[in-house]
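Survey of secondary and tertiary structure
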Amino acid sequence: MIDDGDRLLNLFGVAIALFIVVGVVGVVVAGLGGPSVEIADAPSATWSLERLNDSHVQLTHRGGDPVEAADLVVTADGVRRRVSWNGVVSDGDAGVVRADRGVLVQLYWTTDTGERVKLQTWDDP
């Protein structure tokens, strides 16, 4: 009689352990779906950076897809900087941003959901 109770308890324990393992695997697999935005969705454009003086650089669209200025974000050492772009930025359009010497300047495109996709990085411009 006692053997039957132990056997039932062991089966119950195995069932709980399997339930937990399946749940953990399900969560891991769901997390592997990756980001909802593919890099391929980002505009394909060429950008250049030119230092104007000790405190400012000029970013220029050098060809490729036009991009809404509102979708572009520029950072200097991680701090968001305002750029003098308006409307649609296309080939030849340039904007000036404050960036001291020795800083990392990065250009991002912002998706409709607010995620940032890095387009370009300039180290120590």
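Residues numbered from 1 in each chain as written. Predicted model: local features only at pLDDT ≥ 70, side-chain atom pairs only at ≥ 80, totals over all residues. Heavy atoms only, no water.

As for the overall build of the chain
Looking only at helices and strands, one finds 1 helix and 9 strands in the chain. Along the chain direction, N to C, the helices and strands of the chain fall in the order α-β-β-β-β-β-β-β-β-β. For the chain, the proportion of contacts with a sequence separation of at least 24, taken over those separated by at least 6, is 49%. Surface summary for the chain: the accessible area is close to 8300 Å², and the carbon and sulfur share equals 56%. (Helix = DSSP H or I, 4+ residues; strand = E, 2+ residues; numbered from the N terminus. Contact = heavy atoms within 4.5 Å. Areas by Shrake-Rupley, 256 points an atom, 1.4 Å probe, with all protein chains shown as cover.)

Remarks on the sheet that holds strand β2 (residues 56–64)
Strand order in the open sheet formed by 3 strands is β1-β2-β7, with antiparallel pairing between adjacent strands. The open sheet has two edge strands with one neighbour each: β1 (45–51) and β7 (94–98). The mean inter-strand angle of the sheet, taken between neighbouring strand axes irrespective of direction, is 25 degrees. As judged from the 6 bridges shared by β1 and β2, these two strands associate in the antiparallel manner. Across the sheet, residue W47 finds its bridge partner in β2, namely H61. (Pairing = 2+ DSSP bridges. Axes fitted to C-alpha atoms, helices over the stretch in contact; angles between N-to-C directions.)

Description of the packing of aromatic side chains
Going through the model one piece at a time under the given rule, you end up with 1 aromatic pair. Centroid distance W47 to W85: 5.7 Å. Interplanar angle 55 degrees. Geometry classified as tilted. Remark: W85 occurs in the loop between β5 (79–81) and β6 (88–89) and W47 occurs in strand β1; sequence separation between them is 38 residues. One exposure class covers both W47 and W85, and it is buried. Here the guanidinium or amino end of R116 rests over the ring plane of Y108, the centre of that ring lying 5.4 Å away. (Phe/Tyr/Trp six-rings, centres within 6.5 Å; stacked < 30°, edge-to-face > 60°. Buried < 20%, exposed > 50% of the residue type's maximum accessible area, 1.4 Å probe, protein only. Lys NZ or Arg CZ within 6 Å of the ring centre and 35° of its normal.)

A word on the sheet that holds strand β9 (residues 116–123)
Pairing is antiparallel across the open sheet formed by 4 strands, whose spatial order is β5-β4-β8-β9. The open sheet has two edge strands with one neighbour each: β5 and β9. Each strand axis lies, on average, 30 degrees off the axis of its neighbour in the sheet, ignoring direction.

Points about a nonpolar patch on the surface
A contiguous nonpolar patch, built from L9, F12, I16, F19, I20, V24 and V28 and spanning about 750 Å² of accessible area, is present on the exposed surface. Mapped onto the elements, V28 comes out in helix α1 (residues 2–31). When its relative accessible area of 47% is taken as the criterion, V28 is described as partly exposed. (Patch = residues over 30% accessible without salt bridge, like charges linked within 9 Å, V, L, I, M, F, W, Y side chains within 5 Å. Salt bridge = Lys/Arg side-chain N within 4 Å of Asp/Glu carboxyl O.)

Overview of unusual backbone geometry
Peptide bonds are mostly trans, and most non-glycine residues show a negative phi. Residue D77 is not a glycine yet carries a positive backbone phi of 50 degrees. Following the sequence through the fold, D77 ends up in the loop between β4 (72–76) and β5.

Considerations on the environment of W85
Exposure remark for W85: the relative accessible area of 8% places this residue in the buried category. Note: C-alpha distance between W85 and V96 (11 residues apart in sequence) is 8.3 Å. With residues near it in sequence (within four places) discarded, W85 still touches W47, L59, A69, L72, V74, D93, A94, G95 and L107.

Quick word on the nonpolar core
W47, V74 and W85 are the most contacted members of the largest nonpolar core, which has 21 residues in total. Secondary structure elements with two or more residues in this core: β1, β2, β4, β8 (104–110) and β9. (Core = buried A, V, L, I, M, F, W, Y, C linked by side-chain atoms within 4.5 Å.)

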